[in-house]
Each structure stands twice: as C-alpha cells, then as structure tokens.
Amino acid sequence: MPLALSDGNHHTHERWKATKDKPNAWLTDKEQAALLALERRAAHRKSFRKPGERTSRRLRATYGQIARLRARAKRRAIDWQHQTTTEIARTYGVIVVEDLPITNMTKSAKGTVENPGTNVAQKTGLNHSISQEARGRTVTMLTYKVARYGGALYKVAAAGTSLRCSACGFTTPSGRESQAVFVCKNPGCGWSGNADHNAARNTLHLYRMGLALVPAAGRAVVRRARRVKPATAR
Ligand SMILES: [Zn+2]
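In short, a report on the structure. (Residues numbered from 1 in each chain as written. Predicted model: local features only at pLDDT ≥ 70, side-chain atom pairs only at ≥ 80, totals over all residues. Heavy atoms only, no water.)

## A word on the coordination of the zinc ion
For the zinc ion, the full set of protein donor atoms is Cys165 (SG), Cys168 (SG), Cys184 (SG) and Cys189 (SG), and the range of their distances to it is 2.2 to 2.4 Å. Here the zinc ion binds 4 donor atoms, and the angle range of 103 to 114 degrees at the metal identifies the geometry as tetrahedral. Read N to C, the donor residues that coordinate the zinc ion are spaced as C-x2-C-x15-C-x4-C. Taken as a pair, cysteine 165 in the loop between strand S6 (152-157) and strand S7 (181-183) and cysteine 189 in the loop between S7 and strand S8 (192-194) lie far apart in primary sequence, 24 residues in all. (Donors = N, O, S within 2.8 Å, 3.2 Å for Na, K, Ca; no water. Tetrahedral: all angles 85-135°; square planar, octahedral: opposite > 155°, others 65-115°. Helix = DSSP H or I, 4+ residues; strand = E, 2+ residues; numbered from the N terminus.)

Spelled out as structure tokens, the structure:
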C-alpha cells in the first residue's frame, strides 16, 4: 500500500510490492518458502480426503500453521499502516481521500492533505494503491488519528482523477500510458510523471474547487468522546 502525497512526499514500503512469486510480500523469503511448503502439504493431505469425510487432525494442524503465518504477515502490514498514518495525521491538518465505490478489485485511491497550522497553505495529495481492505483500514486510521491531532478528513469523488493532467487540466481517456507513469496528451503541455502523484494532485485540485464531500470528522469526534468516557469514569 504505497501512499503518494501531492507534495511529492511518498510513503512506500518494499513489502507492499507483492509479485506473483511473492504473493504474501510481508513475509521473509524463508517464511514465504515455509508457507508454500505448508500449502502444498495441505493440498496433498486434502487429496486423500473422501467426500463427506471429516478433516483430519494433521490437515487441521497444517491449516493452523498456514493461518499463523498469514496472520503474522497481516500484523506487519498493519504495523506499517499505523506508523505511516500516524506520521501523516501529525504532519497535516486536513486529509482528503478519494471516495471510491466498493468493489472487489484492487483500486487506486488518492487524497489531499493540508496543514492549517501554517499561514502558507501547505497542501498535499495522498494516494494509496492498495487492496480494498487495506485501503479501508488506512482511511479508518486516518479518520480517527487526524481527529486526535485536531484535523479533519474529507472525501472527493474519484471520477477522472487518473485521467486528468494535473499540470494543465487536460483530460483524455488515453492519458495514462501505464499504471506507473502519466503522460499528458495535450500538445501544448506534454507533462509526464508518476501516475499516482498526478492523481493525488488532481484530488487536491477537486478539494480546492470546493468539491470535497462529507467531512468524516464528526464520526471521529464521537469516537474520541467514547474513548474518554471510560477513563473519567474510573
Ligand atoms: Zn498537461
């Protein structure tokens, strides 16, 4: 889940770059090999199971080992998300993310950030390219953390942010050369750069145009109030 900010401040972790060879990229090579061996063993044991027969104890044990390794990888991913979202919430007062429709596909998400603590508008776009689940978790973390640090989270409609050139405003359906690089098709412009960075700057643009939707801060404030109550009651 790399996070791209519109000010060029990108948060990436090598581990987010999952490949076909490394489907669970948060595991070490050794752990990865162990997981693969366990999955093979499980498939092998399962092949002996007749229809309607109970799962054998040995097969269940293997499933348990697989689950523990996957849980370890997830914990590492969440740890990284916590570190990153805390840093962002501390740095910026207003965070704007793309309001994405819920799908099963892995999508790109963008957002913008501004720091209201300074007179100079220090605004930043934020982009995640993450799975739906990881993205939802990031937004949840940002929502309550931004509120904790006195900021707010906004959402803007995602439509067109990956197709518009953030340098000149020209939008073309074929604007995106690849997943990684945006190349502007406007003959008078020709700007090219990191596609996520471009989309993040477009999200910032939408926010500046006053197109930010539902501020989510209210919910976060309620959360904070809930958290405080049990502490004072004690
Ligand atoms: Zn352009």
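Next comes the rest of the write-up.
## Structural notes on the packing of aromatic side chains
Summed over the entire model, instances satisfying the criterion amount to 3 aromatic pairs. On the numbers, 6.4 Å between centres and 50 degrees between planes, the contact of tryptophan 26 with tryptophan 80 is tilted. Taken together, the residues span a long stretch of sequence, with tryptophan 26 in the loop between strand S2 (10-11) and helix H1 (29-47) and tryptophan 80 in helix H2 (residues 57-91) at a distance of 54 residues. Just as tryptophan 26 is buried, tryptophan 80 falls in that class too. Here tyrosine 154 and tyrosine 207 contribute two aromatic rings whose centre-to-centre distance is 5.7 Å and whose plane-to-plane angle is 50 degrees, an arrangement assigned as tilted. Here tyrosine 154 is found in strand S6, whereas its partner tyrosine 207 is found in helix H4 (residues 195-208), with 53 residues between them in sequence. Under the relative-accessibility criterion, tyrosine 154 is labelled partly exposed at 21%. For tyrosine 207, a relative accessible area of 18% translates into the label buried. (Phe/Tyr/Trp six-rings, centres within 6.5 Å; stacked < 30°, edge-to-face > 60°. Buried < 20%, exposed > 50% of the residue type's maximum accessible area, 1.4 Å probe, protein only.)

## Observations concerning the pairing of strand S3 (residues 94-99)
Within S3, 5 of the 6 residues are buried, which leaves the element mostly enclosed by the surrounding structure. Looking at chain direction, S3 and S6 are connected through 6 bridges and run parallel. Note on S6: the bridge partner recorded for valine 94 is alanine 152. (Pairing = 2+ DSSP bridges.)

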